Amino acid sequence: MDNLFGRVRKQRYYFSYDKDISPRLDGNPAPCAFRVSPEMFARAVRKDADLFREYREYLGCDFPAAPRPGRFLYHCSSWEQQFFISPDGRLKFCQYSNKFSVDLKRHSFEKGFYGFLPRLLKERFTSSSKCSTCARRAICSWCPAKAYLETGDEQASVPYYCDQTGYLIKHSKASL
């Protein structure tokens with residue numbers, strides 16, 4: 001499947017799971033106490049042949065130059081592939097964020113999906129966050145929505161994700 005940034009991702013499996021544990025949607029960090037260590041995370045990915053193959057493919061890709069201030073803030077493709085409707089009737093592009101959500105009781109689905117949600121493409125880094133220039137961003141679990149839940153700043157780095165990505169690269173390259 002092609003995404004906005006030109007990377008091609010071919011999923012060859014029928015089951016997928018989210019391996020990430022994030023703060024609650026209200027920012028409460030209690031669930032983070034159940035995260036595995038970054039090293040254990042990397043070992044678990046390595047044991048899942050499908051997921052490990054996907055990470056190895058990503059590591060072997062030529063990615064566009066690392067983002068820098070003024071470049072895209074949102075790099076995920078979830079909004080191209082899926083949407084969410086919250087229990088209170090809000091159309092959302094991301095399960096972790098209410099930003100860019102649309103109240104379907106006041107607006108049509110079409111207006112929200114085609115008119116409002118694409119505004120996230122205009123979001124750019126405005127800070128000197130190390131995530132804005134990180135070459136590892138393409139395989140990192142960091143995203144603006146999760147950074148906001150964890151730090152209150154959607155452009156802030158999250159040390160856990162930095163460590164997790166470092167271990168993942170180390171364990172993946174060791175077996176290439």
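Rules used in this analysis
- Residues numbered from 1 in each chain as written.
- Predicted model: local features only at pLDDT ≥ 70, side-chain atom pairs only at ≥ 80, totals over all residues.
- Heavy atoms only, no water.
- Core = buried A, V, L, I, M, F, W, Y, C linked by side-chain atoms within 4.5 Å.
- Buried < 20%, exposed > 50% of the residue type's maximum accessible area, 1.4 Å probe, protein only.
- Helix = DSSP H or I, 4+ residues; strand = E, 2+ residues; numbered from the N terminus.
- Contact = heavy atoms within 4.5 Å.
- Phe/Tyr/Trp six-rings, centres within 6.5 Å; stacked < 30°, edge-to-face > 60°.
- Lys NZ or Arg CZ within 6 Å of the ring centre and 35° of its normal.
- Pairing = 2+ DSSP bridges.
- Disulfide = S-S within 2.5 Å.

Participant: I'd love a proper account of the nonpolar core, names of residues and values included.
Facilitator: Residues Tyr-74, Phe-93, Trp-142, Val-158 and Tyr-161 are the most contacted members of the largest nonpolar core, which totals 18 residues. Counting only elements with at least two residues in this core, the list comes to helix 5 (144–151) and helix 6 (159–174). The element that contributes the greatest number of residues to this core is helix 5, accounting for 3 residues. Apart from the residues lying within four places of it in its own chain, the contact partners of Val-158 are Trp-142, Ala-147, Glu-150 and Thr-151. Core analysis: the next-biggest nonpolar cluster, separate from the first, contains 9 residues, Ala-42, Phe-52, Ile-139 and Leu-168 among them.

Participant: Break down the packing of aromatic side chains for me, with residues and values.
Facilitator: Two measures describe an aromatic ring pair: the distance that separates the ring centres and the angle between the ring planes. Taken as a whole and judged by the stated rule, the model has 9 aromatic pairs. Residues Tyr-160 and Tyr-161 carry aromatic rings whose centres are separated by 5.8 Å and whose planes lie at 65 degrees to one another, so their mutual orientation is edge-to-face. The pair formed by Tyr-160 and Tyr-161 is uniform in burial state, with each residue classed as buried. One aromatic cluster is present, formed by Phe-83, Phe-109, Phe-113 and Tyr-114 through successive ring pairs. Over the ring of Tyr-160 we find Arg-35; its NZ or CZ atom is 4.4 Å from the centre of that ring.

Participant: Residues and numbers for unusual backbone geometry, please.
Facilitator: In most cases, non-glycine residues show a negative phi, while peptide bonds are predominantly trans. One non-glycine residue, Phe-100, lies in positive phi territory at about 70 degrees. Of note, Phe-100 is situated in the loop between strand 2 (90–92) and strand 3 (102–103). For Phe-100, a relative accessible area of 6% puts it in the buried group.

Participant: Tell me about the sheet that holds strand 3, residues and numbers included.
Facilitator: Strand order in the open sheet formed by 3 strands is 1-2-3, with antiparallel pairing between adjacent strands. Each edge of the sheet is formed by a strand with only one pairing partner; in this case those strands are strand 1 (84–85) and strand 3. In this sheet, strand 3 lies alongside strand 2 in antiparallel orientation, the contact comprising 2 bridges. The residue bridging Leu-91 from the neighbouring strand is Val-102, located in strand 3.

Participant: Just give me the short version of the state of the cysteines, but keep the residues and values in it.
Facilitator: This structure, assessed with the given rule, holds 0 disulfides. Free cysteine: Cys-143, not disulfide-bonded; nearest cysteine sulfur from Cys-94 at 5.5 Å.

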